[in-house]
Amino acid sequence: MQVPSLLLCGLCIALPVFVRADVCKDITMPNETSSVDQPFAFNCTYPPITSGEVHITWYKNSSKIPITKNSESRIHQDQTWILFLPLALRDTGIYQCIIKDRNSCHRIHLNLIVHEEYWCNASRNGLRNLSDEYKQILHVGNDGSLTCHLIFPESCVFGLIKWYKDCKEIKGERFTPLGAMLTVNNVSVEDRGSYACQAWLTHMGKTYMVLNSITVNTTERTGHGGNIPKIIYPKNNSIEVLPGSTLIVDCKIIDTRDNTNLRCWKVRNTLVDDYYKESRRVREGIENPVPFREHISYTVNITFVEVKMEDYDLPFMCHAGVSTAYIILKLPVPDFRAYLIFGLLALTVVAVSVVCLYNVFKIDVVLWYRSAFRSTETMEDGKLYDAYVLYPKPHQESQSHAMDMLVLKILPEVLERQCGYKLFIFGRDEFPGQAVADVIYENTRLCRRLIVILVPESPSFRLLKNMLEEQIAVYNALIQDGIKVILIELEKIDNYTAMPESIQYIRQKHGAVQWSGDSTEQAQCAKSTFWKQVRYRMPPRRYPPSSPIQLLQHTPCDHRAGSGEDSAGLVIH
């Protein structure tokens with residue numbers, strides 16, 4: 001039961017497709033008459049439908065076999081065209097053009113009639129068979145033009161076109177061949193008559209002759225009305241283009257079928273082909289007519305092979321009878337928005353780079369600035385010391401030895417002797433017999449910084465033995481005087497939860513400096529990374545005017561270096 005159900009579903013899906021493919025809507029049935037032995041082409045186009053993506057197929061009569069697309073065949077489909085090279089009497093009949101898209105199918109019936117027609121005797125100029133006859137009008141007293149309607153696909157290339165009147169080739173100053181047009185200056189009544197244009201068509205290496213008959217009447221232009229062609233583009237506008245560029249501009253014109261207006265491009269009242277005759281840098285293209293039921297749409301382009309400065313601010317006029325419109329080439333206006341955006345981006349990149357570099361080299365920059373711009377003014381802040389050193393008494397012997405080495409030997413060596421700071425170290429500088437709380441309370445108020453040495457002890461954290469009094473003194477100093485605190489870890493501390501909240505807050509906000517535990521001479525140099533971080537957190541030094549003798553009193557960081565830059569007295573702060 002499943003297989004029949006699947007077949008039924010497939011049939012239900014496919015059936016509408018087959019039905020839609022066979023049922024097409026007839027939209028038009030044009031009649032075309034042409035002469036035997038003439039090339040003939042018809043374009044299957046219906047703008048409301050063929051403007052999108054469609055599939056076009058040509059058939060003859062009711063045949064289900066489509067016209068071949070082999071370009072070597074006498075009758076074949078060329079893109080959307082059906083092309084006869086040339087026509088034969090047996091080609092008379094009805095041809096169908098099927099236009100399909102995803103949702104619809106339309107059909108155009110072409111009624112083609114092929115006959116023999118003679119414009120002149122076979123012995124006279126060899127002008128025998130004529131294609132479809134055209135009727136055109138010239139207006140007496142004006143300049144006009146006749147058009148040789150050569151409507152073929154792009155694969156067909158035309159050569160020189162000759163013009164005839166009453167079986168004689170046209171010659172004279174008033175008549176000028178211009179592409180597929182014959183311009184007629186100062187039209188007179190005698191210019192009416194029977195004309196013909198002869199063109200040679202080349203397709204796939206083979207040459208065919210096209211001969212169109214044109215019946216020309218003359219009339220007095222009494223007014224304007226519908227005889228005035230309409231220029232859709234240009235609209236007297238300017239075009240921005242860079243020098244050296246290639247530019248193609250189309251002049252789009254709508255004109256009535258019986259009008260013979262001259263359509264061309266001029267500059268300074270001269271045809272562009274004549275104005276640029278030597279360089280051929282600017283030239284007019286071939287006129288492309290598209291016939292409709294009540295009018296013909298023309299496109300005449302002008303090509304600038306290379307735009308030069310001399311072309312700017314010069315009106316290039318498109319003429320269509322009495323109608324004119326122009327374009328003017330202009331240099332592009334600089335896009336200041338692009339420059340502004342680029343400038344802002346560059347400024348942002350520079351700012352971000354500066355911030356990143358400052359964050360990386362912030363300490364070195366600040367210390368260099370302090371060293372380069374030393375202040376000789378004394379601080380009027382009432383302080384006697386640059387920093388108060390507060391440290392615990394570790395229980396472990398190794399930690400106690402390291403603590404004493406750092407606090408009592410290395411700190412004074414670097415900060416006091418090399419850098420010139422004045423420290424108050426608890427256990428070294430207090431007077432005998434003073435209460436611990438009084439020492440801490442009084443001396444922290446006289447210091448600009450508070451250096452706290454931390455050791456990892458658990459679970460209880462003790463700064464000194466008298467924990468309560470000393471913490472009260474530290475908190476009072478922090479809260480009342482607001483002095484900055486420098487945390488130095490004797491060893492790496494991963495967990496601060498057992499420490500006082502004030503220490504946790506300072507660690508989170510300002511971080512801590514970890515002592516490397518190295519007591520070598522290089523580690524005691526003020527230029528090492530550890531001491532740079534400590535000096536960065538210390539207040540800037542005020543230097544009294546120094547003499548050369550005073551500078552020699554300090555011990556250099558590197559005894560092997562003899563330059564003044566490495567001496568301790570010139571250490572960057």
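Computed from a predicted model, the values in this text were never measured in an experiment.

Draft legend 1. Quick look at the nonpolar core. Judged by nonpolar contacts, the single largest core of 27 residues is most densely connected at Val389, Leu423, Ile451, Ile453, Ile488 and Trp531. Breaking this core down by element, the ones donating at least two residues are strand 27 (387–390), helix 5 (397–418), strand 28 (423–425), strand 29 (449–454), strand 30 (484–489) and helix 9 (529–537). Sorting elements by how many residues they give to this core places helix 5 first, with 7 residues. Contact partners of isoleucine 453, with chain neighbours within four places excluded, come to Val389, Leu390, Tyr391, Pro392, Met403, Leu406, Val407, Ile488 and Leu490.

Draft legend 2. A look at the pattern of salt bridges. Going through the model one piece at a time under the given rule, you end up with 15 salt bridges. Across the pair arginine 263 and glutamate 287 runs a salt bridge whose closest N-O atoms are separated by 3.0 Å. Placement of the pair is arginine 263 in strand 20 (residues 263–267) and glutamate 287 in the loop between strand 22 (282–284) and strand 23 (288–291), with a sequence separation of 24 residues. Taking the relative accessible area as the measure of exposure, arginine 263 reaches 0% and is therefore buried.

Draft legend 3. View of the sheet that holds strand 30. Taken in spatial order, the 5 strands line up as 28-27-29-30-31 in an open sheet, and their pairing is parallel. If you trace the sheet from one side to the other, it starts and ends with strand 28 and strand 31 (513–514), each paired once. In terms of strand pairing, strand 27 meets strand 28 through 3 bridges, oriented parallel. Note that in strand 28 the partner of valine 389 across the bridge is isoleucine 425. Sheet strands touched by helix 5: strand 27, strand 28, strand 29 and strand 30. Its angle to strand 28, the strand with the most contacts, is close to 170°.

Draft legend 4. Local environment of helix 5. If you check helix 5, its first and last C-alpha atoms are 29 Å apart, about what 22 residues at 1.5 Å a residue would give, namely 32 Å. Taken as a whole, helix 5 has its buried residues at Gln399, Met403, Leu406, Val407, Ile410, Leu411, Pro412, Glu413, Val414, Leu415 and Gln418. Positioned one or two residues after helix 5, glycine 420 has a phi angle of 80°, which is positive.

Draft legend 5. How the structure looks around the packing of aromatic side chains. Applying the stated criterion to the full structure yields 11 aromatic pairs. Considering the side-chain rings of phenylalanine 304 and phenylalanine 316, the 4.9 Å spacing of their centres and the 85° angle between planes classify their relative orientation as edge-to-face. Of this pair, phenylalanine 304 sits in strand 24 (residues 295–304) while phenylalanine 316 is found in strand 25 (residues 316–320), placing the two residues 12 residues apart along the sequence. Residue phenylalanine 304 shares its accessibility class with phenylalanine 316, and that shared class is buried. Between phenylalanine 530 and tryptophan 531, the ring centres sit 4.8 Å apart and the planes meet at 75°, which makes this aromatic pair edge-to-face. For the pair shown, phenylalanine 530 and tryptophan 531 are each scored as buried. Taken together through their ring pairs, the aromatic side chains of Phe40, Phe84 and Tyr95 make up a single cluster. We note arginine 263 situated over the ring of tyrosine 298; from NZ or CZ to the ring centre the distance is 3.6 Å.

Draft legend 6. Layout of the state of the cysteines. Counted by the stated rule, this structure contains 4 disulfides. Cysteine 44 shares a disulfide with cysteine 97; S-S distance 1.7 Å. Disulfide cysteine 44 to cysteine 97: torsion about the S-S bond roughly -90°, handedness left-handed. Linking cysteine 44 in the loop between strand 3 (40–43) and helix 2 (47–50) with cysteine 97 in strand 7 (residues 93–100), this pair joins segments that are 53 residues apart in sequence. For the pair cysteine 44 and cysteine 97, a shared accessibility class is recorded, and that class is buried. The partner cysteine of cysteine 148 in its disulfide is cysteine 197, sulfur to sulfur 2.0 Å. On the S-S bond that ties cysteine 148 to cysteine 197, the torsion sits near 75°, and the link is right-handed. Residue cysteine 148 is located in the loop between strand 10 (144–147) and strand 11 (157–165), and its partner cysteine 197 is located in strand 15 (residues 193–203); the two are separated by 49 residues in the primary sequence. For cysteine 148, a relative accessible area of 2% translates into the label buried.

Draft legend 7. Highlighting the environment of leucine 390. By secondary structure assignment, the location of leucine 390 is in strand 27. Separated by 37 residues in the primary sequence, leucine 390 and glycine 427 have C-alpha atoms spaced 9.2 Å apart.

Draft legend 8. Representation of the packing of helix 5 against helix 9. Two elements in contact, helix 5 and helix 9, have axes separated by 12 Å at closest approach and are oriented at 65°. With respect to their mutual orientation, helix 5 and helix 9 come out roughly perpendicular. Like other packed secondary-structure pairs, helix 5 and helix 9 cross with a definite hand, here right-handed. Within the contact between the two elements, helix 5 uses Ile410, Leu411, Val414 and Leu415 and helix 9 uses Trp531, Val534 and Arg535. When grouped by side-chain class, the residues that make up the contact of helix 5 with helix 9 number 6 nonpolar, no polar and 1 charged.

Draft legend 9. Summary view of a nonpolar patch on the surface. A cluster of nonpolar side chains, Leu357, Tyr358, Val360, Phe361 and Val365, forms an exposed patch at the surface whose accessible area comes to about 470 Å². Turning to its location among the elements, tyrosine 358 is positioned in helix 4 (residues 336–372). Classification of tyrosine 358 as partly exposed rests on a relative accessible area of 37%.

Draft legend 10. Looking closely at the sheet that holds strand 5 (residues 75–78). Pairing is antiparallel in the open sheet, where 3 strands are placed in the order 3-6-5. Each edge of the open sheet is held by one strand with a lone partner, namely strand 3 and strand 5. Ignoring which end each strand starts from, the neighbouring axes of this sheet average 20° apart. In the sheet, strand 5 pairs with strand 6 (residues 81–84) via 4 bridges, with the strands oriented antiparallel. In the sheet register, histidine 76 faces strand 6, and the bridge partner there is leucine 83.

Draft legend 11. Just the confidence of the model for the protein, in detail. Of the residues in the protein, 79% have a pLDDT of 70 or more, and the chain-wide mean is 78. Contacts from residues 1–21, a stretch scored under 50 in pLDDT, to residues over four places away or in other chains number 5 contacts. Scored below 50 in pLDDT, residues 122–126 makes 5 contacts in the model with residues more than four places away or belonging to other chains.

Conventions and cut-offs
- Residues numbered from 1 in each chain as written.
- Predicted model: local features only at pLDDT ≥ 70, side-chain atom pairs only at ≥ 80, totals over all residues.
- Heavy atoms only, no water.
- Core = buried A, V, L, I, M, F, W, Y, C linked by side-chain atoms within 4.5 Å.
- Buried < 20%, exposed > 50% of the residue type's maximum accessible area, 1.4 Å probe, protein only.
- Helix = DSSP H or I, 4+ residues; strand = E, 2+ residues; numbered from the N terminus.
- Contact = heavy atoms within 4.5 Å.
- Salt bridge = Lys/Arg side-chain N within 4 Å of Asp/Glu carboxyl O.
- Pairing = 2+ DSSP bridges.
- Axes fitted to C-alpha atoms, helices over the stretch in contact; angles between N-to-C directions.
- Expected span 1.5 Å × (residues − 1).
- Phe/Tyr/Trp six-rings, centres within 6.5 Å; stacked < 30°, edge-to-face > 60°.
- Lys NZ or Arg CZ within 6 Å of the ring centre and 35° of its normal.
- Disulfide = S-S within 2.5 Å.
- Parallel < 35°, antiparallel > 145°, perpendicular 65-115°, else oblique.
- Left-handed = near helix turned anticlockwise from the far one by under 90°.
- Nonpolar A, V, L, I, M, F, W, Y, C, P; charged D, E, K, R; others polar.
- Patch = residues over 30% accessible without salt bridge, like charges linked within 9 Å, V, L, I, M, F, W, Y side chains within 5 Å.
- Areas by Shrake-Rupley, 256 points an atom, 1.4 Å probe, with all protein chains shown as cover.
- pLDDT = per-residue confidence, 0-100.

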